Amino acid sequence: MVAIDIDNAAKSYAGKRVLDGVSMRIDKGEFVAILGPSGCGKTTLLRLLAGFEKLDDGSIALGGVEVSNKHFTLPPEKRNVGIVFQNYALWPHMSVGDNVGYALKIAGVGSSERKRKSLDALDAVGMRDLSERAPADLSGGQRQRVALARCLAANPSVMLLDEPLANLDVHLRASMEKEFLGFHKRTGATMLYITHDQSEAMALADRIAVMDKGRLVQFARPHELYREPRDEMVARFIGNGLILPASSIAAASQPGQVMAEVFGTPHRVRAPLSGRAGAQLSVHPNDLALANDDGEGFSATVERVVYRGSHNQVDFHPDAMPELSLTLHAPLDRAVAPGHAISVRIDDGWVIPAAA
Amino acid sequence: MPAFSISAKGLILAGLAAFVAVLSLAPLLRLALTGVAPDGFVDLQRLSDLLLKQRVFTATLNSLYVAVASTVLALIVGVLAAVLTVYTDMRAKTAWVFGFVLPLMIPPQVTALAWVQAFSPTSPVLGLLGLTLPQGARHPLFSSYGIVLLLGLYNAPLVFLTVRAALRRLPANLVEAARAAGAGGWRVFFTVLLPLARAGIFAGAALSFVSAIGNFGIQAMLGIPARFPTLITLIYQQLNSYGPDALADMASLALMLSLITVAGICFSGWLGRRKDARVEGLGGAIQIDLGRWRPPVEAACWVFLATTLVLPLSALVATSLVTGFGQELSLATLTLANYSNALLHHASIREAFLTSLGLTTVAVIVLMVVALFLGYFLSWQRSVEVRLIHMAAELSYALPGIVLGVAMILFFLKPLPVLGFSIYGTVWIILAAYLSNFLALALRPVLGGFAQIDRSLEEASQVAGAGFLQRMRDIIVPLVAPAAFASGIIVFMSALNEIQVSILLVSSSARTIGPMIVFLEEGGSSTLAAAVGCLMIVIVLALMLVASGLSSRLPKGALPWQN
Ligand SMILES: Nc1ncnc2c1ncn2[C@@H]1O[C@H](COP(=O)(O)OP(=O)(O)OP(=O)(O)O)[C@@H](O)[C@H]1O
Ligand SMILES: [Mg+2]
């Protein structure tokens, strides 16, 4: 069943388009991440879903009911969505328990029932013992959990999270990521999770919507984004992607594969089944390897070697295009040093489709 | 789903608009109309006859003169005080600031009364100090100099507060950079600090000018006996001698006063904006070591307070404790008769106290509610209508209270539609004037309160399903309550202290306490007037104490008398 159906949504502020023709269907129980650089319109999309902003064009339906179009906006209090705000927005004059139980109180749930349900919600985030505390007396991670519990207790049809981990330190982020996953599995809630951290999105989401300059560029599963990016922006954004120029593309023996010439050397890589192939090849540092002998790859020169524990990170430039800086991961037993001439093999790559 | 429905929010916004339209906009428009075209057409002949009349012309010049001269005095005193308390290592600053700002909280007519009594030839305190003024000579304060002096000292705290706020925003590294460039103390002061604080200084000047030109208490108490007419006393005397028949002329004079006020605000705004220097930078507070100058500077500061605050107030207290003005205060003459008279025997004083307390309480309650809602819209849902409402409120606060008084009479003189009676001459017209005049004042701390809370707190309750009024009750009011309380206190003090708004509106059946002092003093009951003045100061001090107790929960700067 479709939980969120965004159709051709458009929004401008003072004549400036910040969302342009965004369409997206999200199934019930799905965990979707919205990923994109700062200012691309992620928060605007979330505020449109919550009902804080009005649509200029298009429509939004929640659970099959249209809640926004250009003439009508159902107010947030009637939408049954939950939001976890970036700054948590816990009410400082209420205890943790009252914060969590507020939506139930508004819904007219009796006080004993309310108490039970908010304790359950606090339980789900491991905060049951702190229900009498004031929000001011909590740590950052604890506040995050309370905000999550507050959202959960209201039993919303959709949970919207705007960069919920942005205010936490790196260490806490990792543990909260794990918690979000467990939380999603337990509750089966439909979650829309905004972030500009691609590794966070890859780790958490069933599907990722990549946005750029107000447009939805690609909406796909993480491995698909990684392996088959639709354009250069996605390719660069995901997994430290690299772009190489490709030419003389010819069909290979298997469908979905082509022979492409990169820096004068032919390589077997993947390409879209339909549509035209462009002149750019998307690869990742892991897809590049040091070749054993010259004929196998293109020649390049090492710029820098950085020890990364499990491997060496080798920064280099192809001799055919010295201004392009690339990276590969080399096994520790391969001795390389700055200035060395090397030969680089492309194990896997994806020819980015030409723009329509 | 309904395409549109009448929301609680829409209704409240409409209510706010109606509130301001009836209480501020319509009366002021009526005033402008009557001032320019009393009979429905613009009669330039009448206007020029009126404004060029010797008396009117002189009064206009006099008004301008006292306002400008006293503003210069207020600037000198206020800026000095701000620089000393913000930048130097002067000791006991908190206490000194409290004493310096205190006069601002005291009704101006009480201040005037205190000064008059302190420096009269039969002064009770000058005598104690072994000083005397020549018997039979005219009172030195009953003169244009007296008015300028008192207005200047009265408004110095206003300048002080705005300049202090501006100076506090200046980062230390600007001064350090000037020092590093080789500039000495005075050079730094005149070439760096003053120019950077300029916007604040001119904002203070505007406040002082507006306050001075509309200050009825001091201008009436000193100007009338001195036969030194100003626009404001002229309007008052016109109503006294001709009654509402003189309304058209009063309206023209009030309009003139408003124009001067608005021109003053615009002029200093322009001066402050020219070559606007927006300051960015870091660094803690600037500290200037007074070194060996510290003791003499401190001594000068405290002598200043002793002369301008302690001396007049002790004269007031001394006068309130004897039965006849000029009587020496000793154990034999000491009496509480004036206080018992004021509180128990003198029915009109008692009633004036009760009327004022009642009016003030109602005004505070209404204005706190209105300010909470208006503050919400101004902070989070600014639209053209909301801005217009705000402008109207600010206008009726900025214009001299007596102008508002004239406007209220003009607008409410006729019987109300539907109800069929006129509220002129009753307490209701005074209440209407208070609500109109003090709305902007009530709004300020509330806006500060809203600025301190994040909008997402409201949005979080909205997604939890709470409607507008529920959000207001559960989330916004608890969070803004301290600021709203501060605004309640400030409105309470201002309304209790005021004289200029109600002076034209009081009648035998509806008297407030502010004008009472003028009436008593005019009627020769100086000792009774002194007792009433002392009682008002006690009330003010009690209110300040209550508010200070809550200061830790208030937005910074909500209480003007705190350092
Ligand atoms: N209320 C507003 N008025 C005017 N412009 C706005 C408003 N809100 C957002 N914008 C603009 O719309 C664009 C998209 O903003 P949005 O907050 O949706 O970006 P974002 O993707 O959430 O960015 P970030 O990752 O920095 O949070 C930005 O250019 C922003 O300046
Ligand atoms: Mg954002």
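These numbers come from a predicted model, not from an experiment.

## Remarks on the domain arrangement of chain A
Residues and elements named next belong to chain A.
Here comes step 1: Domain parsing of chain A yields domain 1 (2-232) and domain 2 (242-353).
Here comes step 2: For domain 1 versus domain 2, the separation of C-alpha centres amounts to 39 Å.
Here comes step 3: Residue-level contacts link seven residues of domain 1 with nine residues of domain 2.
Here comes step 4: For the pair domain 1 and domain 2, the two sides together bury roughly 760 Å², of which 51% comes from carbon and sulfur.
Here comes step 5: Remark: the boundary between domain 1 and domain 2 carries one salt bridge.
Here comes step 6: For Asp-348, the salt bridge is made with Arg-227, and the minimal N-O distance between the two is 3.8 Å.
Here comes step 7: Run the count over domain 1 and domain 2 and you get three residue pairs in polar contact (both at pLDDT 80 or more).

## A few points about unusual backbone geometry
Residue and element names in this part refer to chain A.
Here comes step 1: Phi is positive for Lys-213, close to 50°, though the residue is something other than glycine.
Here comes step 2: With respect to the secondary-structure elements, Lys-213 resides in the loop between β9 (207-212) and β10 (215-220).
Here comes step 3: The exposed category is assigned to Lys-213, whose relative accessible area is 68%.
Here comes step 4: A positive phi angle, near 50°, is found at Phe-263, a position not held by glycine.
Here comes step 5: Residue placement: Phe-263 occurs in the loop between β13 (257-262) and β14 (265-270).

## Considerations on the environment of Leu75(B)
Residues and elements named next belong to chain B.
Here comes step 1: Tracing the backbone shows Leu-75 in helix α3 (residues 54-87).
Here comes step 2: Sequence separation between Leu-75 and Phe-57 is 18 residues; the distance between their C-alpha atoms is 27 Å.
Here comes step 3: Filtering out sequence-adjacent residues up to four positions away, Leu-75 remains in contact with Leu-80, Val-159, Ile-201 and Ala-205.

## Side note on the confidence of the model for chain A
Here comes step 1: Taken as a whole, chain A shows an average pLDDT of 89; of its residues, 98% reach a score of 70 or greater.
Here comes step 2: The secondary-structure element of chain A with the lowest mean pLDDT is strand β12 (residues 247-251) of chain A, recorded at 78, while β9(A) shows the highest, at 95.

## Quick word on the sheet that holds strand β7 (residues 158-162) of chain A
Residues and elements named next belong to chain A.
Here comes step 1: Pairing is mixed across the open sheet formed by six strands, whose spatial order is β6-β7-β8-β3-β9-β10. Each edge of the sheet is formed by a strand with only one pairing partner; in this case those strands are β6 (81-84) and β10. Geometrically, the sheet is characterised by an average inter-axis angle of 20° between neighbouring strands, direction not taken into account.
Here comes step 2: Relative to β10, β9 runs antiparallel, the two sharing five bridges. What sits directly across from Met-211, in β10, is Leu-216.

## Side note on the interface of chain B and chain A
Here comes step 1: With 21 residues of chain B at the interface, the matching set in chain A holds 21 residues.
Here comes step 2: With both sides pooled, the region where chain B packs onto chain A buries about 1800 Å², and carbon together with sulfur makes up 65% of that total.
Here comes step 3: In this assembly, chain B and chain A are joined by two salt bridges.
Here comes step 4: For the salt bridge of Glu77(A) with Arg471(B), the shortest nitrogen-to-oxygen distance reads 3.5 Å.
Here comes step 5: At the surface where chain B touches chain A, the tally comes to seven residue pairs in polar contact (both at pLDDT 80 or more).

## Looking at a nonpolar patch on the surface
All names here are of chain B.
Here comes step 1: Side chains of Leu-52, Phe-57, Leu-61, Leu-64, Val-68, Val-72, Ile-76 and Leu-80 sit close together on the surface and give an oily, nonpolar patch of about 740 Å² of accessible area.
Here comes step 2: Top element by residues in the nonpolar patch is α3. It accounts for seven residues.
Here comes step 3: The residue Val-68 is located in helix α3 in this model.
Here comes step 4: Judged by relative accessible area, Val-68 falls into the partly exposed class, the value being 43%.

## Overview of the pattern of salt bridges
Here comes step 1: Going through the model one piece at a time under the given rule, you end up with 26 salt bridges over all chains.
Here comes step 2: Note that Asp120(A) and Arg116(A) form a salt bridge whose closest N and O atoms lie 3.7 Å from each other. Placement of both Asp120(A) and Arg116(A) in helix α3 (residues 111-124) is noted, with a separation of four residues, approximately one turn of the helix.
Here comes step 3: Under the relative-accessibility criterion, Asp120(A) is labelled partly exposed at 38%.
Here comes step 4: Note that Asp89(B) is salt-bridged to Arg294(B), the shortest N-O span being 3.7 Å. Within this pair, whereas Asp89(B) is found in the loop between α3 and α4 (93-105), its partner Arg294(B) is found in helix α14 (residues 294-320), the two being separated by 205 residues in sequence.
Here comes step 5: Taking the relative accessible area as the measure of exposure, Arg294(B) reaches 23% and is therefore partly exposed.
Here comes step 6: Residues joined by salt bridges that share partners form a network here, namely Glu77(A), Arg455(B), Glu458(B) and Arg471(B).

## Overview of the site of ligand 1
Residue and element names in this part refer to chain A.
Here comes step 1: The environment of ligand 1 is formed by Tyr-13, Lys-16, Val-18, Ser-38, Gly-39, Cys-40, Gly-41, Lys-42, Thr-43, Thr-44, Glu-163 and His-196.
Here comes step 2: The contact in question runs from an oxygen atom of ligand 1 to an N or O atom on the side chain of Lys-16, over 3.0 Å.
Here comes step 3: Here an oxygen atom of ligand 1 sits 2.8 Å away from a polar atom, N or O, in the main chain of Gly-39.
Here comes step 4: Bound to the protein, ligand 1 loses 60% of the 640 Å² it would expose on its own.
Here comes step 5: Going through the elements one at a time, β2 (16-27) and α1 (42-50) are the ones with two or more residues in the shell around ligand 1.
Here comes step 6: Ranked by residues supplied to the shell around ligand 1, first place goes to α1 with three residues.
Here comes step 7: Here the residues of the shell around ligand 1 are counted per class, giving three nonpolar, six polar and three charged.

## Quick word on the environment of Met94(A)
Here comes step 1: Mapped onto the fold, Met94(A) is located in the loop between β6 and α2 (96-106).
Here comes step 2: Ignoring anything within four residues of it in the chain, the contact list for Met94(A) reads Asn99(A), Tyr102(A), Pro135(A), Asp474(B) and Ile475(B).

## Quick look at the packing of aromatic side chains
All names here are of chain B.
Here comes step 1: Counted according to the given criterion, the structure contains 19 aromatic pairs over all chains.
Here comes step 2: Considering the side-chain rings of Tyr-376 and Phe-468, the 5.1 Å spacing of their centres and the 65° angle between planes classify their relative orientation as edge-to-face. Of this pair, Tyr-376 sits in helix α16 (residues 347-380) while Phe-468 sits in helix α21 (residues 468-497); the two residues are 92 residues apart in sequence, bridging distant segments of the chain. Across the pair, Phe-468 and Tyr-376 agree in class, each one buried.

Calculation notes
- Residues numbered from 1 in each chain as written.
- Chains lettered and ligands numbered in written order.
- Predicted model: local features only at pLDDT ≥ 70, side-chain atom pairs only at ≥ 80, totals over all residues.
- Heavy atoms only, no water.
- Domains from an automatic or database assignment.
- Contact = heavy atoms within 4.5 Å.
- Buried area = accessible area lost by both parts, 1.4 Å probe.
- Salt bridge = Lys/Arg side-chain N within 4 Å of Asp/Glu carboxyl O.
- Polar contact = N/O pair within 3.5 Å; in protein donor to acceptor, adjacent residues only side chain to side chain.
- Helix = DSSP H or I, 4+ residues; strand = E, 2+ residues; numbered from the N terminus.
- Buried < 20%, exposed > 50% of the residue type's maximum accessible area, 1.4 Å probe, protein only.
- pLDDT = per-residue confidence, 0-100.
- Pairing = 2+ DSSP bridges.
- Axes fitted to C-alpha atoms, helices over the stretch in contact; angles between N-to-C directions.
- Patch = residues over 30% accessible without salt bridge, like charges linked within 9 Å, V, L, I, M, F, W, Y side chains within 5 Å.
- Areas by Shrake-Rupley, 256 points an atom, 1.4 Å probe, with all protein chains shown as cover.
- Near = heavy atom within 4 Å.
- Nonpolar A, V, L, I, M, F, W, Y, C, P; charged D, E, K, R; others polar.
- Phe/Tyr/Trp six-rings, centres within 6.5 Å; stacked < 30°, edge-to-face > 60°.

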